[in-house]
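# Report on the structure
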Amino acid sequence: MNTELSPRYDASSVEAKWYERWEAAGLFQPDPDSKKPPFTITIPPPNITGSLHMGHSLCYPIQDLVGRYQRLRGKNVLVLPGQDHAGIATQSVVSKQLKKEGVSSLQLGREKFVERVWEWRKESGDTIIRQFRQLGCAFDWSRSRFTLDPQYADAVLKVFIDWFDKGLIYRGERVVNWDCSLQTSVSDIETERKTVRGKLYHIRYPLSDGPGSMTIATTRPETMLGDVALAVHPSDQRYKALVGKTVLLPLLDRPIPVVADVYADPQFGTGVVKITPAHDPNDFEVGVRHHLSMPVILDERGKITSLGGKYEGLDRMEARKQIVGDLEALGLLEKVEDHEIALIVSERSGEVVEPLLKEQWFVRQMELAKPVIEAVREGKIRFVPERYEPIFIDWLENIRDWNISRKLWWGHRIPVYYAEDGSPVAALSWEDAERKSGKTILAQDEEVLDTWFSSGLWPFATLGWPDQTRDLGERYPTNVLVTDRNIINLWVARMAMMGIYFIGDVPFHEVYIHATVMTEDGRRMSKSLGTGVDPADVIERIGADALRFTLLGQSGFNQEIRYGERRTDEARNFCNKIWNATRFVLMNTPEGYRHEGVGTTKLEPLDLWILSRLAHCERVARVAYDSYNMQAAAQALQAFFWWELCDWYVEASKERLVQSSAAPLAVLIECIRCFCLMLHPIMPHLTEEIFSHLPLAERPAFVMSGEWPELPEAYVNQKLETSVERWFQITRGLRALRAAVGVAALAPIEEAFFTGDLMGGQDLISSQAWVRTLREGRPQSGKFISSTVEGVDLHLPIEGLVDFEKERERLRLMEEKVRADLAKVEARLGNPQFIERAKMEVVAKEQELVLSLRDQLDKLAERKSLFNQ
């Protein structure tokens, strides 16, 4: 065994080496014969079109961290990976490729197009899997699943057929998010809101039976062609007499009724709202309640239909211009105001989504949601942080039917077949459909299932369902789901519904909602906005472990974390600190030494102190990992290693190490051994490399296959910790006195004095304050400076330590600079124009600077007084 570390830590070579060794040793796969309790995570399947972004670099290492930690805690761990076929995204990618080749998907036809997508998947679909390996994610790749695998696809069909036969799936008309570019409906998660500057148009609708009108306000005047009513609130006294009457729809002169409905808000605008059921989901609900007609006046391309009269064939934006002009000419445009509009945009195409009444396949979710609500309230599913639970329940209690069909070719084709008489039957195949219906089948439905439908089976279909496999019996329900808050409703809820319905139990016991990674100044990370950061570049520069520590070290129960190069540089520095400190210890380890623990080695107070701090760190890290507070674990581990072990214990033990004392070496090796095990879930590669060089008498083959440190209760010594911390505070006090007169750190000084009780810490204090002799009492002559720390008076003679003349000159120059800076800031604050024009936070920062500069002047004056003759 080579106990010598290279002089410099090279993340790239270390990380590549260990991942290959873990995988070759089969460490990612659970032991089928193990008696250890199972622990299972099925990772959220990333899209096959995906490549690593910062959100992935947090989400998937969290799951790896949990898996690694639970292995150390004695669990038989399975972290099961896979990929989602990503219907819309994948079809869009391949369609764009074909367009560059001068070929359209329609020219290829469905069968050839799907073949082309499979070819693309083989060539480019595993990019993100390779990047997960770079991140160090210890997932069981031998069990990796794909949502279009034959077995998985059969499970999806079974779910659809079962729900169809029981009446939970039906075909009907609803308003959906329609992407006019992609020519398909899209789910809410595939859209984003963008606020833009727009116009609010106030339009008068004349009463049908006399003078007067009712005014509405709309941002989309083109949709008025599909208006079927005006609505007012039942309690709005202004319009009570008009309910039941009719108004004339401008431009088309069609009479439409005035209805009373709670949807109308008396406090917004005029209190009157136009109802266009085919082009607004809320209007649709009003239309259902009042049995109103639902004319579709925009087609799938976003153009006006024949129901729009003379505007037929116009694009929606061109129609808007003409309609506004015509209303103005008729004197029906009351006014136009600037207005901020929240547009819903398709993430895939960038097009503004059109709410459109379409005949689609839907799932009745109300009955499916009830057992999920009960499971959450009974604690069978627990959200971490807890604040997401009421949001989840509120959505389930107000749930609507789910649009599950998409006009695509890539995906799970809806298994509904149509007989000669048009009757539908759901079946596994054409032959199965004819057998079930007893009729000749003429066609299969052309649409495919929403990706969220197939991914809803993920926790149990990946374990072998509908077959009753060993994995399904032993590992369902899974232990935890780690996911993003944006898909709680779209995915978490669907998995819970399907799991409870088909398996009879919840799919997971805990749902950890991780934070969103933002830029350092709090902006959303986006390639299009120029704020995105490629994790692959960061890994190449500083290593995966440093990136993991950057992100995991900020992740606990927060909603957002900030990413910046400064943070990654700090993480890299921590890696180097671990490397260099361990290298120092190994360089001072005698050849042939084998660590067998602290055992009966005679320990000094400082040895006992660091072991007590090690026990404290273990407890904090364990509790933090158990509760998904990675930030608390990372902070505790960094504080222990950097400040307690390195800055104090190693420095104070150097002389004893040189003298080949057994105690500090045994304690240091034990601390590093335990530290590697505890840090391993966050920084797997570095800890594995360090651990492999430790001169241990008994060792597991890998840290990854090791056991979490079990530390003796006797290590905990709070009384001793208090005493040693007091010694450190006194040491800091002496160091501060040295710094006050400009004596460099580490430079030895002859003597210092104290009055009070050091409680046995005199040797440590003098060595760590770099004082050759620490005398009791006060200096009898000459100049000295003093301070009081922990009830002990400290005195430092300064004559002979510094050149008084040079120090006076240095302080004078410093004072001149501070006064000049202060004068500039005060001049700015005295300028009325600056105060009027500058932002409040800028003015506040300048005012804080004034206070800081004045404080510096006070301290300089105090320093100068020391050197006056």
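Scroll up to find the structure this text is about.
Here is a short report on the structure shown in this document. Computed from a prediction, not measured in an experiment: that's the story for all the values here.

About the cut-offs
What you see as residue numbers is a count from 1 along each chain, following the sequence as written. Under the rules for a predicted model, residues below a pLDDT of 70 receive no local features and side-chain atom pairs below 80 are neither given nor counted, while totals for whole chains, interfaces and linings still include all residues. To obtain the side-chain values, all non-hydrogen atoms of the structure were included, while hydrogens and water were left out. Grid points spaced at 1 Å over the protein atoms alone were grouped into cavities, where a 1.4 Å probe fits but cannot get out, and pockets, open sets with protein on both sides within 12 Å along at least five of seven lines, with lining residues defined by an atom within 4 Å of a point. Grid points are joined across faces, edges and corners, and a volume is the space filled by probe spheres set on the points. Under the scheme used here, helices are H or I runs from DSSP no shorter than 4 residues and strands are E runs no shorter than 2 residues, and both carry numbers assigned from the N terminus. Put simply, Ala, Val, Leu, Ile, Met, Phe, Trp, Tyr, Cys and Pro go in the nonpolar bin, Asp, Glu, Lys and Arg in the charged bin, and everything else, Gly too, in the polar bin. Note on exposure labels: buried denotes an accessible area under 20% of the residue type's maximum, exposed denotes more than 50%, and partly exposed covers the range between, all computed with a 1.4 Å probe on protein chains only. Whether two strands pair depends on DSSP finding at least two bridges between them. Contact criterion: two residues are considered in contact whenever any of their non-hydrogen atoms come within 4.5 Å of each other. We call two N or O atoms a polar contact when they sit within 3.5 Å, provided that within protein one can donate a hydrogen and the other can accept it, with sequence-adjacent residues counted only if both atoms are side-chain atoms. We call a crossover right-handed when, viewed with the strands running away from us, the connection from the first strand over the helix to the second turns clockwise. Basic side-chain nitrogens of Lys or Arg form a salt bridge, by our definition, when they fall within 4 Å of a carboxyl oxygen of Asp or Glu.

Our focus in this paragraph is empty space enclosed by the protein. Taken as a whole and judged by the stated rule, the model has 1 cavity of 30 Å³ or more. Taken as a whole, the largest cavity encloses approximately 30 Å³ of empty space. Lining the largest cavity are Gly87, Ile88, Glu190, Arg406, Leu408, Val448, Leu449, Asp450 and Thr451. Mapped by element, the contributors of at least two residues to the lining of the largest cavity are helix 3 (87–100) and strand 21 (448–449). For the lining of the largest cavity, the residue count by class is 4 nonpolar, 2 polar and 3 charged.

The next subject is the pairing of strand 25 (residues 560–563). Two faces make up the sheet, and in a regular strand the side chains alternate between them. Judged by which residues are buried, strand 25 turns out to be one-sided: Ile561 and Tyr563 face inward and are buried, whereas Glu560 and Arg562, on the alternate face, are not. Across 4 bridges, the pairing between strand 24 (residues 516–519) and strand 25 is parallel. The partner of Thr516 across the bridge, within strand 25, is Glu560.

Secondary-structure assignment places Arg68 in helix 2 (residues 54–72). Taking C-alpha positions, Arg68 is 9.6 Å from Phe28, a pair spaced 40 residues apart along the chain. Non-local contacts of Arg68, meaning those with residues more than four positions away in its chain, are made with Trp22, Gly136, Ala138, Arg548, His680, Pro681, Pro684 and Met704. Engagement of the side chain of Arg68 in a polar contact is seen with the backbone oxygen of Gly136, the distance being 2.9 Å.

Here we come to the pairing of strand 2 (residues 76–80). For strand 2, the tally of buried residues reaches 5 of 5 residues, placing the bulk of the element in the interior. Residue alternation in strand 2 divides its side chains into two sets, Asn76, Leu78 and Leu80 and Val77 and Val79, and both sets are buried. Between the parallel elements strand 1 (residues 38–42) and strand 2, the chain passes through helix 2 in a crossover that is right-handed.

Let us look at the pattern of salt bridges. Summed over all chains, the structure comprises 66 salt bridges. One salt bridge connects Glu354 with Arg316, and the closest N-O pair in it is separated by 2.8 Å. With Glu354 in strand 14 (residues 354–363) and Arg316 in helix 9 (residues 316–329), the pair connects residues that are 38 residues apart, well separated along the chain. Residue Glu354 shares its accessibility class with Arg316, and that shared class is buried. Between Arg673 and Glu670 there is a salt bridge, with the nearest N and O atoms lying 3.0 Å from each other. On the criterion of helical spacing, the pair formed by Arg673 and Glu670 is a turn pair, its members being 3 residues apart in helix 22 (residues 662–679). Via salt bridges that share partners, Arg220, Glu222, Arg316, Arg320, Glu351 and Glu354 belong to a single interconnected network.

Let's shift gears to the sheet that holds strand 14. The 4 strands lie next to each other as 6-5-14-16, forming an open sheet whose pairing is antiparallel. Two strands bound the open sheet, and with one partner strand each, they are strand 6 (184–185) and strand 16 (402–403). Here 2 bridges tie strand 5 (residues 169–179) to strand 6, and the two strands are oriented antiparallel to one another. Among the inter-strand pairings, Trp178 is bridged to a residue of strand 6, identified as Ser185.

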